[in-house]
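The residues making up each chain are set out below.
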Amino acid sequence: MQDIPGAWLRTARGAGLLGPNGSPAPTIFAEMSALAARTGAINLGQGFPDEDGPAAVLEAAREAIAQGVNQYPPGRGFPDLLAAVAEHQARFYGLRLDPERDILITAGATEALASALLALIDGTDDEVVVFEPYYDSYAACVALAGARLVTVPLRWPDFQPDLDELRRAVTDRTRIILVNDPHNPTGAVFGRDVLEEIVRLAERHDAVIVTDEVYEHLTFGTTHTPIATLPGAWERTLTISSGGKTFSTTGWKIGWISGPAPLVDAVLAVKQFLTYVNGAPFQPAIATGLRLPDAFFDGIAATLQHKRDLLGAGLCAAGFDVSEPQGSYFTVVDAATLGATDAGDFCRALPSRAGVVAIPLTAFVGPEHRQDYATLVRFAACKRVKVLEDAASRLLALAD
Ligand code: PMP
Ligand code: GLN
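This text gives an overview of the structure that appears in the document. (Residues numbered from 1 in each chain as written. Chains lettered and ligands numbered in written order. Predicted model: local features only at pLDDT ≥ 70, side-chain atom pairs only at ≥ 80, totals over all residues. Heavy atoms only, no water.)

1. As for the overall build of the chain
Here is the rule: The helix count covers DSSP runs of H or I at least four residues long, the strand count covers runs of E at least two residues long, and both are numbered beginning at the N terminus. Just to be clear, the radius of gyration here is over C-alpha atoms, and the globule rule we use is 2.2 Å times residues to the power 0.38. Residues are treated as being in contact if the distance between any of their heavy atoms lies within 4.5 Å. Here, Shrake-Rupley sampling with a 1.4 Å probe gives the accessible areas, and only protein chains in the shown set may cover a residue. This count recognises Lys and Arg as positive and Asp and Glu as negative, with His and chain-terminal groups excluded. Each charge is placed at NZ for Lys, CZ for Arg, CG for Asp and CD for Glu.
For the chain, the helix and strand inventory stands at 14 helices and 13 strands. In summary, the chain has a C-alpha radius of gyration of 21 Å against a globular reference of 21 Å for 400 residues, a match within 12%. Its C-alpha atoms give the chain principal-axis dimensions of about 60 × 55 × 50 Å. In the chain, 76% of the contacts between residues at least 6 apart in sequence involve partners at least 24 apart. Carbon and sulfur atoms provide 52% of the accessible area of the chain, an area that totals close to 16,600 Å². Here the chain holds 32 positive side-chain charges and 48 negative ones, and the gap between their average locations is 3 Å.

Structural data, given as structure tokens:
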């Protein structure tokens, strides 16, 4: 391959996004899905459902394509989807949004996160407080924006932050407190005391709260509380969600961000130069989804809770120590009970030992804290019952 001058690659390399040979280091999800495809192992790694979501949503996309909804949508998104997001926030959370000013449609939650971080971060003195382990794009985008990541640990087995550690992490240098609730990869749902402390600290230090709530409808026995609904939070909070998890359409990449108009405008200023717009025919389809009756939303949570229980029982039977997630697609286990000392090695060997793929938690942790999560592994429950049953019986091989 032709040599490319190192200076050309400064930003990608500086942000730690290139591997030692200069090519992009694949995300852990891509690496593990490729491993599953190569070995024929059951993929409980990357979090995507293996069956379609509601027929009405799929049909609405087909209908939109047939009706010619195939050109650029407006920059903020189609007005009907903006209205549907506003209706959804009012119906589930009592939040009253102005659909024309307080909401922006994005290319998935990922673009909403990237645009918000790029819009709000000013320079290298800025700090972004995140809860570690964290979804992989957070650290990458903070690095691309040139800011410093400050972490608050979430510890096995309940993964709730220690409030004193949280207080120490937030200072006047904190520009953003980045929250993910329900949490990937741990399945934690933050307690009200945690959410209240985040708001208090954001007020005290004049920080913005950016909250990723893509698993908002996937909680087990608790109802989701958007941090934006807490007293004092709305005026400094950007809330992100997406249709991917709720409607089993992760490939459609329709997301949204909402909050006070001036903050949303700043995000739009960046977003319009990333993708500009995306997914024209999928936008009306997600609007259809957001307007589905309550029974649909209750049903997806109950179904996933059943799958979580099935997966949890299988993991227990295989000999893992299993945490109990309160939400999200994921269950974390401690593989130390099976002799693991390095979750990455354990996951790379799992297809040959048991015909299953999972994700090491170390992939969601900065290099300096990997040791603290060295034996923890994440399994995805968002698969068909039959697939989870097969995986559970394969994993029994570990117990022998
Ligand atoms: N945030 C979290 C916590 C996620 O788990 C994911 C993906 N599964 C995303 C963001 C990305 O969402 P989207 O596919 O809508 O970009
Ligand atoms: N959010 C999904 C997960 O955590 C993966 C999405 C991706 O591959 N970037 O598994």
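2. Quick notes on helix α6 (residues 136-144)
Using the following cut-off: Each residue's exposure class comes from its accessible area (1.4 Å probe, protein chains only) as a fraction of the maximum for that residue type: buried when under 20%, exposed when over 50%, partly exposed otherwise. To be clear, the arc concerns the directions from the helix axis to the C-beta atoms.
The set of residues buried in α6 consists of Ser-137, Tyr-138, Cys-141 and Val-142. The buried residues of α6 occupy an angular sector of 130° when the element is viewed end-on, so they sit on one face. As for α6, its buried residues are in contact with α5 (108-120), β3 (127-132), β4 (148-153), β5 (174-180) and β6 (208-212). After α6 finishes, the residue Gly-146 shows a positive phi value of roughly 85°.

3. Observations regarding the nonpolar core
The criterion, for reference: We call a set of buried Ala, Val, Leu, Ile, Met, Phe, Trp, Tyr and Cys residues a nonpolar core when their side-chain atoms join them within 4.5 Å.
If you look at the biggest cluster of nonpolar residues, it comprises 98 residues, and the most contacted ones within it are Val-210, Phe-320 and Phe-379. Core analysis: the next-biggest nonpolar cluster, separate from the first, contains 30 residues, Phe-131, Phe-159, Ala-188 and Leu-230 among them.

4. Digging into the state of the cysteines
The criterion, for reference: Note on terminology: disulfide denotes any pair of cysteine sulfur atoms within 2.5 Å.
As enumerated under the stated definition, the model contains 0 disulfides in all. This cysteine, Cys-316, is not joined by any disulfide, and Cys-347 carries the nearest cysteine sulfur, 18 Å off. With no disulfide of its own, Cys-347 has Cys-382 as its nearest cysteine by sulfur position, at a separation of 16 Å. Note on Cys-347: relative accessible area 0%, which makes it buried.

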